Amino acid sequence: MSKWKIHTPEGVQDILFDECALKRNIEEKLRGLYRSYGYFEVETPTIEFYDVFSSDTGIIPQETMFKFFDQQGRILVLRPDITVPVARISASKYREMPYPMRFSYIGNVFRYNDYGGGKQNEFTQAGVEVLGVSTSEADAEVIAIAINALITAGLEDFKLDIGQVEFFNGLMDETKLTEEEMDRLKVMIDRKDYVGLEELLDKYDIRADLKKLITDLPALFGSADVIERVEALALNKRSLDALENIRQVLNILDDYGLGRYVSVDLGMLKGLNYDTGIIFRGFTYGIGFPILTGGRYDRLVEEFGRQCPATGFSMGVNLIMMALQRQKADIEKPCIDSIVCYSQKGRKTAFELCGELRRQGLLIELDLSGGDVEALKKYAARKGVGGVINVSDEETIEVHNIATGEINRTSIRELTKGC
Amino acid sequence: MKYLTIALSKGRLADLSIEMLEDMGVDCSEYRNSSRKLIFTDEKNSIKFFLVKPADVPTYVEYGAADIGIAGKDTLLEEGRHLYEVLNLGFAACKMVLAGPAELQGKLDHLNNKRVATKYPKIAREYFEHKRRESIEVIKLNGSVELAPLVGLSELIVDLVESGRTLKDNGLVVLDTIAEISARVVVNRVSIKMKSDKVNWIIEGLKKQLEAARQK
């Protein structure tokens with residue numbers, strides 16, 4: 001046998017019966033939820049041109065993408081994200097569509113060893129995007145959907161942190177730092193690396209009160225009073241606007257009745273390279289990674305030739321599954337209700353019976369190996385099937401209850417009537 | 001009950017860390033009394049802790065298998081994981097340096113094709129990439145890195161230096177300091193939010209001890 005024949009590459013997984021059922025179940029619920037908010041689903045290609053995701057601003061770092069070539073030698077990638085393809089669609093195929101445009105999607109994305117996917121190379125994202133509105137109402141709507149998505153998926157104990165990248169950008173306006181120096185600061189703040197941050201700030205020439213605020217930034221998270229604390233300081237309009245934006249979003253979420261799920265983190269800066277306003281992340285117990293990320297990206301769509309503000313989020317479905325399993329939530333497992341076997345004479349009746357039971361929503365397996373009832377009962381017991389139904393003819397049907405060992409004799413008429 | 005889990009680096013760092021935890025009221029008797037156990041529990045405070053190889057601490061914390069970790073800055077730099085690095089404990093202090101034969105001093109820029117031997121390939125690569133803007137060949141070793149320039153395996157080394165004695169005895173000099181190293185407290189990005197009360201209790205407790213030690 002070839003060396004790798006029975007293996008799967010690193011970072012990808014087979015999803016087997018129970019898990020797959022759970023996953024589809026979550027996906028269906030999310031699909032329904034997104035649709036109920038007016039976000040219709042789109043499906044974008046798994047393969048895209050590299051150019052879609054690359055730009056001077058580095059939308060997505062090239063070293064995280066799976067790349068290959070088409071027959072003309074052009075560089076292709078396995079989509080590392082679905083937000084960017086949605087932006088592409090909105091600026092091309094839907095460029096005549098009136099605002100706001102609402103999209104949803106559920107699909108697999110591919111990235112090398114990505115933090116967002118919980119260190120998997122292939123994972124499923126389920127998300128929404130709303131384009132064409134820059135209001136706090138839009139920010140709040142996607143956050144409200146995100147919270148309801150987590151509830152719908154079955155999580156109870158989770159938190160959503162809200163930040164605003166413009167707050168930091170406003171602070172930076174007051175300094176004369178270069179892009180590179182700002183990036184270095186951002187990394188330190190995002191890592192809550194107090195030591196490194198202080199060392200770095202000592203090297204920079206920044207106003208003393210600003211320096212103090214930037215040093216405190218990693219600790220500026222918690223309830224809404226964080227905003228009031230900071231607002232009292234001397235800030236420029238850009239930073240104040242950012243704080244006002246967060247406050248409005250929090251107020252709107254209070255009216256949604258979802259205020260208790262959210263908190264503020266002004267030190268949350270590094271989401272995606274295309275973030276421009278409110279950003280947020282979701283957390284729960286048992287998972288060391290954020291289970292959802294989202295935020296505003298007002299300058300992404302213009303990369304595709306159309307000026308358009310936008311915001312959205314995506315949820316890591318695999319991480320949600322992991323969280324549910326670790327939190328030992330009640331997880332429905334797919335289970336066969338009955339196995340039907342028959343003798344030659346009862347075949348037609350057996351098929352009729354199967355059809356009727358399936359119509360009623362039961363999961364029915366048909367015996368394919370010749371109707372040895374004893375063997376079937378053993379098989380049923382092992383597989384956790386409730387019953388074995390042996391159809392000899394129209395009038396002679398035996399129903400074996402596997403758990404109790406009881407046998408009921410009945411006919412097709414009674415059986416289909418009684419159900 | 002939700003436990004707070006702490007990952008400690010085996011060795012000297014563990015002894016120091018455990019002393020600090022004990023001083024702030026964490027019950028470490030299970031650790032003191034048993035050498036076979038892998039995980040030690042303080043039921044009263046709902047805290048668990050375990051000891052792993054220093055280089056593995058950031059991994060446990062990134063994945064959330066531990067909420068908090070205590071590890072050297074060297075392993076944090078080398079592992080480059082997504083963590084919050086919240087506190088400098090100050091102990092186990094040393095320097096990460098670029099070193100080489102004395103005759104290279106001031107002539108580093110004239111040396112084409114640099115080969116760098118190190119236990120820390122990532123730190124070496126990033127230092128040359130960002131600070132010196134040069135491409136290098138990294139030769140990964142697992143110990144006795146000072147030997148490499150002496151036997152012609154490499155021109156330079158990147159390594160931890162405490163007193164500088166070993167370098168000196170082998171005719172090597174520090175060419176540049178890459179980073180100051182000491183023990184740090186790291187926290188998982190989710191735990192800091194989901195278990196903030198307990199995480200803060202630990203961090204504030206450690207901070208207080210550092211303050212007290214400084215005032216002595």
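Note that this is a predicted model, so its numbers are computed, not measured. (Residues numbered from 1 in each chain as written. Chains lettered and ligands numbered in written order. Predicted model: local features only at pLDDT ≥ 70, side-chain atom pairs only at ≥ 80, totals over all residues.)

Bringing the overall build of chain B into the picture now. Each helix and strand counted, chain B has 9 helices and 11 strands in total. Across its three principal axes, chain B shows a C-alpha extent of roughly 60 × 35 × 30 Å. The buried share of chain B, reckoned over its 216 residues, is 40%. (Helix = DSSP H or I, 4+ residues; strand = E, 2+ residues; numbered from the N terminus. Buried ≥ 20, exposed ≤ 12 C-beta atoms within 10 Å, placed from the backbone.)

Interfaces are often described in size by the accessible area the parts lose on coming together. All names here are of chain B. By the assigned domains, chain B splits into domain 1 (4-92 + 182-215) and domain 2 (94-180). The gap between the C-alpha centroids of domain 1 and domain 2 is 30 Å. Counting residues at the interface gives 6 residues for domain 1, matched by 7 residues for domain 2. Residues belonging to the side of domain 1 that touches domain 2 are distributed by class as follows: 1 nonpolar, 2 polar and 3 charged. (Domains from an automatic or database assignment. Contact = placed C-beta atoms within 7 Å. Nonpolar A, V, L, I, M, F, W, Y, C, P; charged D, E, K, R; others polar.)

Here we take up the interface of chain A and chain B. Listed by partner, the interface residues are 14 residues for chain A and 14 residues for chain B. Of all the elements in the fold, those that place two or more residues in the side of chain A that touches chain B are β7 (158-164) and α7 (194-203) of chain A. Of the residues contributing to the side of chain A that touches chain B, the split by class is 8 nonpolar, 1 polar and 5 charged.

Now for the sheet that holds β7 of chain A. Residues and elements named next belong to chain A. An order of β1-β5-β6-β12-β11-β10-β7-β9-β8 is seen for the 9 strands of this open sheet, with the pairing classed as mixed. In this open sheet, the two strands that pair with only one neighbour each are β1 (40-41) and β8 (221-222). Taken together, the 7 bridges between β7 and strand β10 (residues 278-284) define a ladder with antiparallel strand orientation. Bridge assignment links L160 to a residue of β10, and that residue is G282. (Pairing = 2+ DSSP bridges.)

This next bit is on helix α6 (residues 179-190) of chain A. All names here are of chain A. Counted at 1.5 Å a residue, the expected span for α6 with its 12 residues is 16 Å, and the 16 Å between its end C-alpha atoms agrees. Those residues of α6 not exposed but buried are L185, M188, I189 and D190. Contacts from the buried residues of α6 go to α7 and α8 (208-216). Within two residues after α6, K192 carries a phi angle of roughly 50 degrees, on the positive side. (Expected span 1.5 Å × (residues − 1).)

The next point concerns the sheet that holds strand β4 (residues 75-78) of chain A. Strand pairing in a sheet relies on backbone hydrogen bonds, with the paired strands running either antiparallel or parallel. Residue and element names in this part refer to chain A. One open sheet accounts for 3 strands, arranged β2-β4-β3; its pairing is antiparallel. Sheet topology places β2 (47-49) and β3 (67-69) at the edges, where each strand pairs with a single neighbour. Each adjacent strand pair in this sheet contributes to an overall mean axis angle of 40 degrees, direction not counted. Here β3 pairs with β4 via 3 bridges, running antiparallel. Among the inter-strand pairings, K67 is bridged to a residue of β4, identified as V77. (Axes fitted to C-alpha atoms, helices over the stretch in contact; angles between N-to-C directions.)

Looking at the element boundaries, A329 of chain A is found in the loop between α11 (317-326) and β13 (338-342). Given 13 C-beta atoms within 10 Å, A329 of chain A falls into the partly exposed group.

With that out of the way, let us pick up the nonpolar core. A general tendency of soluble globular proteins is for nonpolar side chains to be buried together. Counting residues in each nonpolar core, the largest one holds 125 residues, and the members touching the most others are I143, A146 and I320 of chain A together with I68, V185 and V187 of chain B. Counting residues per element, this core draws most heavily on helix α4 (residues 136-153) of chain A, at 11 residues. For I143 of chain A, the residues in contact, after removing those within four places along its chain, are L160, V249, L253 and F280 of chain A. Counting residues in hydrophobic clusters, the runner-up holds 20 residues, among them A99, A124, F128 and L160 of chain B. (Core = buried A, V, L, I, M, F, W, Y, C linked by C-beta atoms within 7 Å.)

All names here are of chain A. One can describe the packing of helix α5 (residues 165-173) onto helix α10 (residues 237-256) by two numbers: an axis separation of 7 Å at closest approach and a directional angle of 165 degrees. Considering their axes alone, α5 and α10 lie roughly antiparallel with respect to each other. Pair α5 / α10 crosses with left-handed handedness. When α5 is examined against α10, the residues E166, F167, N169, G170, L171 and D173 are found in contact with a partner set consisting of R238, S239, D241, A242 and L243. Classifying every residue of the contact of α5 with α10 by side-chain character gives 4 nonpolar, 3 polar and 4 charged. (Parallel < 35°, antiparallel > 145°, perpendicular 65-115°, else oblique. Left-handed = near helix turned anticlockwise from the far one by under 90°.)

What follows concerns the confidence of the model for chain B. On average, residues of chain B score 90 in pLDDT, and 100% of them reach the 70 mark or higher. Prediction confidence for the complex, expressed as pTM and ipTM, is 0.86 and 0.74 respectively. (pLDDT = per-residue confidence, 0-100.)

For the rest of this paragraph, the subject is the environment of L300 of chain A. Residues and elements named next belong to chain A. Examined against the element boundaries, L300 turns out to sit in the loop between β11 (292-296) and β12 (310-316). A C-alpha to C-alpha distance of 64 Å links L300 and E414, two positions 114 residues apart in sequence. Look past the residues within four positions of L300 in its chain and what remains in contact with it is V84, A87, Y274 and A310.

It is worth spelling out the pairing of strand β17 (residues 407-410) of chain A at this point. Residues and elements named next belong to chain A. In this structure, strand β16 (residues 396-401) lies alongside β17, joined through 4 bridges in antiparallel fashion. Paired with I397 across the strands is T410, a residue of β17. Connecting the antiparallel pair β16 and β17 is a turn made up of 5 residues, with G405 showing a positive phi of about 80 degrees.

All names here are of chain A. Two elements in contact, α6 and α7, have axes whose closest approach is 8 Å; the angle formed by their N-to-C orientations is 155 degrees. As far as their axial angle goes, α7 and α6 are roughly antiparallel. Considering how the two elements wind past one another, α6 and α7 form a crossing that is left-handed. In this structure, α6 contributes R184, L185, M188 and I189 to the contact, and α7 contributes G196, L197 and L200. Here the residues of the contact of α6 with α7 sort into 5 nonpolar, 1 polar and 1 charged.

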